[in-house]
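Chain by chain, the residues:
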Amino acid sequence: MSRIDKPRTQHQNTDKSRLLEQLDEDIQELNQLKQKIKQLEEEKQLKEQQLEQLDTTSAQVPSVMFNTTYREYRQYDLAYNRVKEFYKEQHRYQTVAYNIQARINFKTKVRDKMTIWDALLKLNHLLDESDPDTELSQIEHAFQTAEAIRKDNKPRWFQLVGLIHDLGKLLYFYESKGQWDVVGDTFPVGCRYSTKIIHHEFFKDNPDYKNPLYNTKYGIYSPHCGLENVMLSWGHDEYMYHLAKEQSRLPPQALAMIRYHSFYPWHQEGAYKYLMNKKDEEMLKAVKEFNPYDLYSKTDVKCNLEEVKDYYIELIDEFFPKKVIDF
Ligand SMILES: O[C@H]1[C@H](O)[C@@H](O)[C@H](O)[C@@H](O)[C@H]1O
Ligand SMILES: [Fe+2]
Ligand SMILES: [Fe+2]
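Conventions we followed
Residues numbered from 1 in each chain as written. Chains lettered and ligands numbered in written order. Predicted model: local features only at pLDDT ≥ 70, side-chain atom pairs only at ≥ 80, totals over all residues. Heavy atoms only, no water. UniProt positions renumbered as here; feature names shortened; annotations may be inferred. Donors = N, O, S within 2.8 Å, 3.2 Å for Na, K, Ca; no water. Helix = DSSP H or I, 4+ residues; strand = E, 2+ residues; numbered from the N terminus. Buried < 20%, exposed > 50% of the residue type's maximum accessible area, 1.4 Å probe, protein only. Tetrahedral: all angles 85-135°; square planar, octahedral: opposite > 155°, others 65-115°.

- Going by what an unreviewed UniProt entry lists, the chain is known as Inositol oxygenase and is assigned to Ogataea philodendri.
- Word for word, the UniProt comment on the chain under Subcellular location (unreviewed entry) is "Cytoplasm".

**What about the coordination of the iron ion (ligand 2)?**
- Within the protein, the atoms that donate to the iron ion (ligand 2) are D166 (OD), H236 (NE2) and H261 (NE2), at distances of 2.0 to 2.2 Å.
- Of note, the donors binding the iron ion (ligand 2) are all from one chain and are spaced D-x69-H-x24-H.
- A distance of 3.9 Å spans the gap from the iron ion (ligand 2) to the iron ion (ligand 3), which D166 bridges by coordinating each metal. A residue pair is termed long-range when its members are at least 10 positions apart, and D166 in the loop between α6 (156–164) and α7 (236–247) and H236 in helix α7 qualify at 70 residues. H236 matches D166 in its accessibility class, with the two residues each being buried.

**Re unusual backbone geometry**
- The phi dihedral of N153 falls on the positive side, at around 55 degrees, and the residue is not glycine.
- The topology assignment puts N153 in the loop between α5 (138–151) and α6.
- Residue classification places N153 among the exposed residues on the basis of a relative accessible area of 69%.
- Although it is not a glycine, K323 adopts a positive phi angle of roughly 65 degrees.
- With respect to the element layout, K323 can be found in the loop between α11 (305–319) and β2 (324–326).
- Of the residues examined, K323 reaches a relative accessible area of 48% and is grouped as partly exposed.

**Points about the coordination of the iron ion (ligand 3)**
- Looking at the iron ion (ligand 3), the protein donor atoms are H141 (NE2), H165 (NE2), D166 (OD) and D294 (OD), and they sit 2.2 to 2.3 Å from it.
- Every donor counted, the four donor atoms about the iron ion (ligand 3) form angles of 82 to 172 degrees at the centre, which fits irregular coordination.
- Taken in sequence order, the residues that donate to the iron ion (ligand 3) follow the motif H-x23-H-D-x127-D.

Listed below in structure tokens is the structure:
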């Protein structure tokens, strides 16, 4: 190599390495773009699925479905061990025997007396272990759900359901044995557990799983006996449903939304159709209409309690004329 050549070669080399560097950067950028495209495609698919799941007969698509911030809800595989541990307990202990006892306890005493408003404030101290989306406090969730329903001009009773649907979680402060008999998805007890139930594998720890009275398709029920005659695992839905049924003027659709909102294997996965009667078909529509507000309102802006307080107190009084409720 001659002395004059050397600087040139060096120059060539730096050019080459700069080019290579540039190329590397371009490849990186390209990969990032590819990833972004993939993510956008997934978002689109998810939105389409969500829209498909909505009751096709309901003319209006809830505005919460158009939230611009992309989030996937109820991604249990991504959620922490906390959720898994929760379902391990829930599936093990929700036996028929426990459910009968819980209903006896419920019927035979009053746990507290207060207004719905005060109950909402009290509930705020609970952190729900079963919820993979809990960065929100319970009270925010209550108001965001109600406000989203109100924004879509749904009937007043529907708005109130948004506000109180999770109020039954108060049970946690009284006679619950943990969170497993307060929160989480629900399912029928006394008949075979559907494989559509989240963490179905944990049912093998439940004594009812091996009980021939309870582990057949119908178990203690009969074909199309109606969900009103089916014992759903005890928790906030069932508790609030009974309170509202006895102490409010809420219509049947509202009561169904409260009672079945955590019954995901039924309202989202289509399980247990063989226990439904005619009335349940109607109720299913209502529950499906409610579900997006429960799930997707979580991305909305925080609401100012002071601003909405008067509106909701009036709404509560309209349907709970007793004011002070027996909890
Ligand atoms: O974790 C959640 C939460 O507890 C909700 O309040 C309940 O309705 C859902 O079904 C459950 O998955
Ligand atoms: Fe709930
Ligand atoms: Fe909720």
